[in-house]
Amino acid sequence: MLTFEIQIRISTSILIMFIAKALRATAFGIYGYMNFTKSGFAEHAKKFKPEDMQVQMEGKNCIVTGANSGIGFATAEGLASRGATVYMLCRNKERGEAALTKIHSITGNKNVYLEVCDISSVSDVKSFASRFCSKDVPVHVLVNNAGLLETNCVITPEGYELSFATNVLGTYTLTELMLPLLEKAAPDARVITVASGGMYTAPLTTDLQFSGNKFDGVEQYARNKRVQVALTEKWAEMYKDKGVGFYSMHPGWAETPGVSKSLPDFSKSFEGKLRSSEEGADTVIWLALQPKEKLVSGQFYFDRAEAPKHLPLTGTNNSHSTIDSIIEKLRSFADL
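Criteria and thresholds
- Residues numbered from 1 in each chain as written.
- Predicted model: local features only at pLDDT ≥ 70, side-chain atom pairs only at ≥ 80, totals over all residues.
- Heavy atoms only, no water.
- Helix = DSSP H or I, 4+ residues; strand = E, 2+ residues; numbered from the N terminus.
- Buried < 20%, exposed > 50% of the residue type's maximum accessible area, 1.4 Å probe, protein only.
- Areas by Shrake-Rupley, 256 points an atom, 1.4 Å probe, with all protein chains shown as cover.
- Pairing = 2+ DSSP bridges.
- Right-handed = clockwise from strand over helix to strand, strands pointing away.
- Polar contact = N/O pair within 3.5 Å; in protein donor to acceptor, adjacent residues only side chain to side chain.
- Contact = heavy atoms within 4.5 Å.
- Core = buried A, V, L, I, M, F, W, Y, C linked by side-chain atoms within 4.5 Å.
- Axes fitted to C-alpha atoms, helices over the stretch in contact; angles between N-to-C directions.
- Parallel < 35°, antiparallel > 145°, perpendicular 65-115°, else oblique.
- Salt bridge = Lys/Arg side-chain N within 4 Å of Asp/Glu carboxyl O.

**A look at the overall build of the chain**
What the chain contains, in helices and strands, is 11 helices and 8 strands. The buried share of the chain, taken over its 336 residues, is 53%. A total accessible area of about 15,400 Å² is found for the chain, and carbon and sulfur atoms account for 56% of it.

Structure (structure tokens):
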């Protein structure tokens, strides 16, 4: 039997957790509605400099994951339209080929290629990396865009929760394996990871695969995105002497096929207020084009500017201290 004092402590702890979660959700909702919508983009765009996007990328090699639709497609198209050689990493061969044909048609750039790779599979990522590294070409820009919000707990054939496998483990493995090619493009190389404002609702946790009793896909997605932001911070510190810049960014609330599928109620309630895929990809392309001295490695960007990694009253500020133990787990899972 639990003593009355222990019961009180447990009840108080649960209440504090509930209040903290409610505060994070409220802060995120208010901040998001003011900034992440289409109208927020229009307001922020008043400060954009058109010349920032007029840079050409001939001779530069770019990898974009999840490039067959949404923000990934808009990013691949945007880079290709500026003359870059683009490698589109797509899980589905047929959808990838359709997207490739469309980008060839729109941009006239034939130096755009499809690479079939399922980011949620460590073995698939390693297989791609082995093939691609044999090309021995410098990688100037790696865009970690492939992402997933899975409402149900799905376990991959390799034994990992699917959202985590896609958003975190696959992204981590690919980035680490591409480092030698990124170093070949130093000091101009950069890694851009498409995170999400959803991470504002979640502190960093070592519970990477959501071991709680009831799986919550939205919360797991937020946790994954928090890991991406903390990872970017750590990569910048670990590899500061390698000539590679690391940046995470938030695309805002964009109307993409992934959002429509995973969050149908959200998409419906914000109909007409969500950003286009092109608006969502704007900061990704901006980060790819800017001279590195204009950017800060390890930082989180939103609408072409540095953005806070934590919101007031949300209690997430000190959570990034656990990133070292998370990286140890990821290295073990990826067998690097």
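**With respect to the pairing of strand β1 (residues 61-65)**
Of all 5 residues making up β1, 5 are buried, and the element is well covered by its neighbours. Of the two faces of β1, the one holding N61, I63 and T65 and the one holding C62 and V64 are both buried throughout. Across 5 bridges, the pairing between β1 and strand β2 (residues 85-90) is parallel. Paired with C62 across the bridge in β2 is V86. Regarding the hand of the β-α-β motif, the stretch spanning β1, helix α3 (residues 70-80) and β2 is right-handed. Inspection of the sheet shows β1 paired to strand β4 (residues 141-144) by 3 bridges, in the parallel sense. Across the sheet, residue V64 finds its bridge partner in β4, namely V143.

**Regarding the side chain of K309**
Inspection of the secondary structure assignment puts K309 in the loop between β8 (305-306) and α11 (323-334). Within the structure, K309 has its side chain in polar contact with the side chain of E233 (distance 2.6 Å). Other than its neighbours up to four places away in sequence, K309 contacts M199, Y200, R226, V229, E233, G298, Q299 and F300.

**Quick look at the nonpolar core**
In a soluble, globular protein the nonpolar side chains are often hidden away together inside. Ranked by internal contacts, the top residues of the largest apolar core, which has 42 residues, are I63, M178, L182 and L330. Of all the elements in the fold, those that place two or more residues in this core are β2, α5 (122-133), α6 (162-184), β5 (189-194), α7 (217-238), β6 (244-250) and α11. Residue contributions to this core peak at 10 residues, all from α6. In this structure, I63 is in contact with Y87, L89, F128, F132, V139, V141, L142, V143 and M178, ignoring residues within four places of it in sequence. The next biggest cluster of nonpolar side chains, apart from the first, holds 32 residues, and it includes A76, I103, V143 and Y247.

**Regarding the sheet that holds β4**
Hydrogen bonds between backbone groups are what pair the strands of a sheet, and the pairing can be parallel or antiparallel. Pairing is mixed in the open sheet, where 8 strands are placed in the order β3-β2-β1-β4-β5-β6-β7-β8. On the outer flanks of this sheet lie β3 (112-116) and β8, each paired with one strand and no other. Direction of pairing for strand β7 (residues 300-302) relative to β8: antiparallel, over a ladder of 2 bridges. Counted as the bridge partner of F302 is A305 from β8. Contacts from helix α4 (residues 93-107) reach β2 and β3 within the one sheet, and its direction differs from that of β3 by about 175°.

**So, the side chain of T85**
Relative to the elements of secondary structure, T85 occurs in strand β2. A relative accessible area of 13% means that T85 is categorised as buried. Sequence-distant contacts of T85, defined by excluding residues within four places in its chain, comprise K60, N61, C62, N111 and Y113.

**Focus on unusual backbone geometry**
Residue P187 follows A186 across a cis peptide bond; omega there is 5°. Of note, P187 is situated in the loop between α6 and β5. For D303, which is not glycine, the phi dihedral falls at a positive 50°. D303 sits in the buried class, given a relative accessible area of 7%. At R304, a residue that is not glycine, the phi angle is positive and equals roughly 65°. Locating R304 in the fold gives a position in the loop between β7 and β8.

**Looking at the packing of α7 against α11**
It is at 10 Å that the axes of α7 and α11 come closest, and there the two elements cross at 95°. Taken together, the axis directions place α7 and α11 in an arrangement best described as roughly perpendicular. Touching V227, A230, L231, K234 and M238 of α7 are I323, D324, I326, I327 and L330, all from α11.

**Considerations on the pattern of salt bridges**
As enumerated under the stated definition, the model contains 17 salt bridges in all. Of the charged contacts in the structure, one is a salt bridge between D207 and R223, with a shortest N-O distance of 3.3 Å. Separated by 16 residues along the polypeptide, D207 in the loop between β5 and α7 and R223 in helix α7 bring together distant segments of the chain. With a relative accessible area of 24%, D207 lands in the partly exposed category. Judged by relative accessible area, R223 falls into the buried class, the value being 15%. Across the pair E233 and K309 runs a salt bridge whose closest N-O atoms are separated by 2.6 Å. With a gap of 76 residues between them, E233 in helix α7 and K309 in the loop between β8 and α11 connect regions that are remote in the sequence. On the basis of relative accessibility, which here comes to 10%, the residue K309 falls in the buried class.

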